[in-house]
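Secondary and tertiary structure notes
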Amino acid sequence: MERGESSKRAPVESPMDEVKEEILDRDEAATREGALVNMESATARVELTVRIDVAKLHCPICMLPFKPPIFQCLSGHLACGVCHDQHPNKGRCLACGLAGAYVRCTVAEDIIESIRIQCPYDAYGCRSYVTYHADRDHQHACPWAPCACAEPGCGFLGSPPMLRDHLRDAHAWPVDKVRYSRAHNLRLPASQPRCLLDAEGDGRVFIVSTGAHGGGERHGAAVSCVRASAAAGPRYYCKMWATGNLDPETGRVGVAMAETGVPSISSVPGGAAPAVAPLSVLRTMLHGESMEMHLSVKICMAPSFFR
């Protein structure tokens, strides 16, 4: 073979070359992975517990909590969006009178949006942290807001689940488990004219009350949702029907029915149903010497167009 031909011969690949390439690939991948970890660490959210003068979180003009949009004059004075929009001369600062248009202060907006406080009803079970300027709205709609026990001489205050347990343990109120959109049968004598319904799934508490009205010739039944505000969750409606005694002349059983929205109550009364009850039946429909009402209740979540 000629020397020239031997010089053109392809190089022989060694198994060690493949090992070296694999090691290099692994090192490169590890380097990339380490870089990503470092980037994620650098951008990780870190929270601090701080003290701040609450006045700094309020607009100095209207004294209401800041919420975006927030505006700033050339001297740095801030104004909330409402004050800015209602100002007749937006080219002059409301605080210092300096001429020059307000501009959006996105830095202040970011800080205001990041400030969160714990719900004041944490003692009653709420674990939410809400933006400072939304605190009042949250309190109004918080499902853990306390309700009162109105049994005579009782000053208990607690969330609906706490109040349910209190009425059961301290005042011997009966508590039944119910499911939404399913009928639940109750037997409520005159001596025990109310009971609590504990909804499975979301733990809502409902009270069913019965009592005489209309001079005692009629008895009524009503259903209410125990919560501090109707804004604390969905709306409900219920169907109720009371079953009377067998009529010996007709051989039929009288039935009275009603369908109505479920109001919210924040103070659970110790008495019976209100004077005007959604379901009203004749006294003759009650059963036995105990004047027991045989009642069926079906509670449903209202469709969105009812809310």
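Before going into details, it helps to say that this report is about the structure given with it.

The rules behind these values
Residues numbered from 1 in each chain as written. Predicted model: local features only at pLDDT ≥ 70, side-chain atom pairs only at ≥ 80, totals over all residues. Heavy atoms only, no water. Salt bridge = Lys/Arg side-chain N within 4 Å of Asp/Glu carboxyl O. Helix = DSSP H or I, 4+ residues; strand = E, 2+ residues; numbered from the N terminus. Buried < 20%, exposed > 50% of the residue type's maximum accessible area, 1.4 Å probe, protein only. Pairing = 2+ DSSP bridges. 1 Å grid on protein atoms, 1.4 Å probe; cavity = no way out; pocket = protein on both sides within 12 Å on 5 of 7 lines; lining within 4 Å. Points joined across faces, edges and corners; volume = space filled by probe spheres on them. Nonpolar A, V, L, I, M, F, W, Y, C, P; charged D, E, K, R; others polar. Axes fitted to C-alpha atoms, helices over the stretch in contact; angles between N-to-C directions. Disulfide = S-S within 2.5 Å. Patch = residues over 30% accessible without salt bridge, like charges linked within 9 Å, V, L, I, M, F, W, Y side chains within 5 Å. Areas by Shrake-Rupley, 256 points an atom, 1.4 Å probe, with all protein chains shown as cover. Phe/Tyr/Trp six-rings, centres within 6.5 Å; stacked < 30°, edge-to-face > 60°. Arc of directions from axis to C-beta. Contact = heavy atoms within 4.5 Å. Expected span 1.5 Å × (residues − 1).

Describing the pattern of salt bridges
Side chains carrying opposite charge are able to pair once their charged atoms draw close together. Summed over all chains, the structure comprises 8 salt bridges. Its salt-bridge partner being arginine 168, residue aspartate 165 comes within 3.5 Å of it at the nearest N-O pair. Here the residue aspartate 165 and the residue arginine 168 both occupy positions in helix α6 (residues 160-171), the gap between them amounting to 3 residues, near one helical turn. In this structure arginine 168 comes out as partly exposed when scored by relative accessible area, which is 38%. One salt bridge in this structure joins glutamate 200 and arginine 179, with 3.1 Å as the shortest N-O distance.

Some thoughts on the sheet that holds strand β1 (residues 70-72)
The strand order across the open sheet built from 3 strands is β2-β1-β3, with neighbouring strands paired in antiparallel fashion. In this open sheet, the two strands that pair with only one neighbour each are β2 (78-80) and β3 (103-104).

Let's talk about the layout of surface pockets
The space that makes up the largest pocket amounts to roughly 580 Å³. Leu48, Val50, Ser114, Ile115 and Arg116 are the residues nearest the centre of the largest pocket, which is lined by 14 residues in total. In terms of residue class, the lining of the largest pocket is built from 8 nonpolar, 2 polar and 4 charged. As for the second largest pocket, its lining consists of 17 residues, and the residues nearest its centre are Leu64, Pro65, Lys67, His133 and Arg136. Elements with a minimum of two residues in the lining of the second largest pocket: α3 (81-86) and α5 (135-141). Sort the elements by how many residues they give to the lining of the second largest pocket and α5 lands first, with 3 residues. For the lining of the second largest pocket, the class distribution of residues is 10 nonpolar, 3 polar and 4 charged.

Thoughts on the sheet that holds strand β18 (residues 293-301)
Within the open sheet, the 4 strands sit side by side as β9-β18-β13-β14. Their pairing is antiparallel. Every other strand in the sheet has two partners, leaving β9 (184-188) and β14 (253-261) as the edge strands with one partner each. Along the sheet, successive strands turn relative to each other by an average axial angle of 25°, direction set aside.

Considerations on the state of the cysteines
Applying the stated criterion across every chain yields a total of 0 disulfides. Left unpaired, cysteine 80 is separated from the closest cysteine sulfur, that of cysteine 83, by 3.5 Å.

What to know about a nonpolar patch on the surface
On the surface, a nonpolar cluster with roughly 410 Å² of combined accessible area is contributed by Leu246, Val253, Val255 and Met257. Sort the elements by how many residues they give to the nonpolar patch and β14 lands first, with 3 residues. Mapped onto the secondary structure, leucine 246 falls in strand β13 (residues 236-246).

Observations regarding the packing of aromatic side chains
Between two aromatic rings, the relevant description is the distance of the centres plus the angle of the planes. Under the definition given, this model contains 4 aromatic pairs. Ring geometry for phenylalanine 206 against tyrosine 236: centres 5.0 Å apart, planes inclined by 90°, an arrangement best described as edge-to-face. Of this pair, phenylalanine 206 sits in strand β11 (residues 205-213) while tyrosine 236 sits in strand β13, and the two are 30 residues apart along the sequence.

Here's the deal with helix α4 (residues 106-114)
In an α-helix there are 3.6 residues to a turn, and that puts residues three or four apart on one side. Of all the residues in α4, the buried ones are Ala108, Glu109 and Ile112. On an axial view of α4, the arc spanned by its buried residues comes to 100°, and they lie on one face. The exposed residues of α4 that point more than 90 degrees off its buried face are Val107 and Asp110. Turning to α4, the residues buried within the fold contact β1, β3 and β5 (129-131).

Brief notes about the environment of serine 75
As for its placement among the helices and strands, serine 75 is situated in the loop between β1 and β2. Sequence-wise, serine 75 and glycine 97 are 22 residues apart; in three dimensions their C-alpha atoms are separated by 9.9 Å. Ignoring sequence-local partners within four residues, the contact set of serine 75 consists of Cys96 and Leu98.

Re unusual backbone geometry
Between proline 68 and the following residue, proline 69, the backbone shows a cis peptide bond with an omega angle of 0°. Examined against the element boundaries, proline 69 turns out to sit in the loop between α2 (15-43) and β1. Its identity as a non-glycine residue notwithstanding, methionine 63 has a phi of 70°, on the positive side. Tracing the sequence through the fold places methionine 63 in the loop between α2 and β1. What makes methionine 63 exposed here is its relative accessible area of 56%.

Details of the side chain of histidine 84
The residue histidine 84 is located in helix α3 in this model. Apart from the residues within four sequence positions on either side, histidine 84 is in contact with Phe71, Lys90 and Tyr102.

Observations concerning α6
Here α6 contains 12 residues, and its C-alpha end-to-end distance of 15 Å stays within 8% of the 16 Å for a straight helix at 1.5 Å per residue. Alanine 172 lies just past α6 and shows a positive phi near 60°.

Things to note about the environment of methionine 301
Structurally, methionine 301 can be placed in strand β18. Classification of methionine 301 as partly exposed rests on a relative accessible area of 37%.

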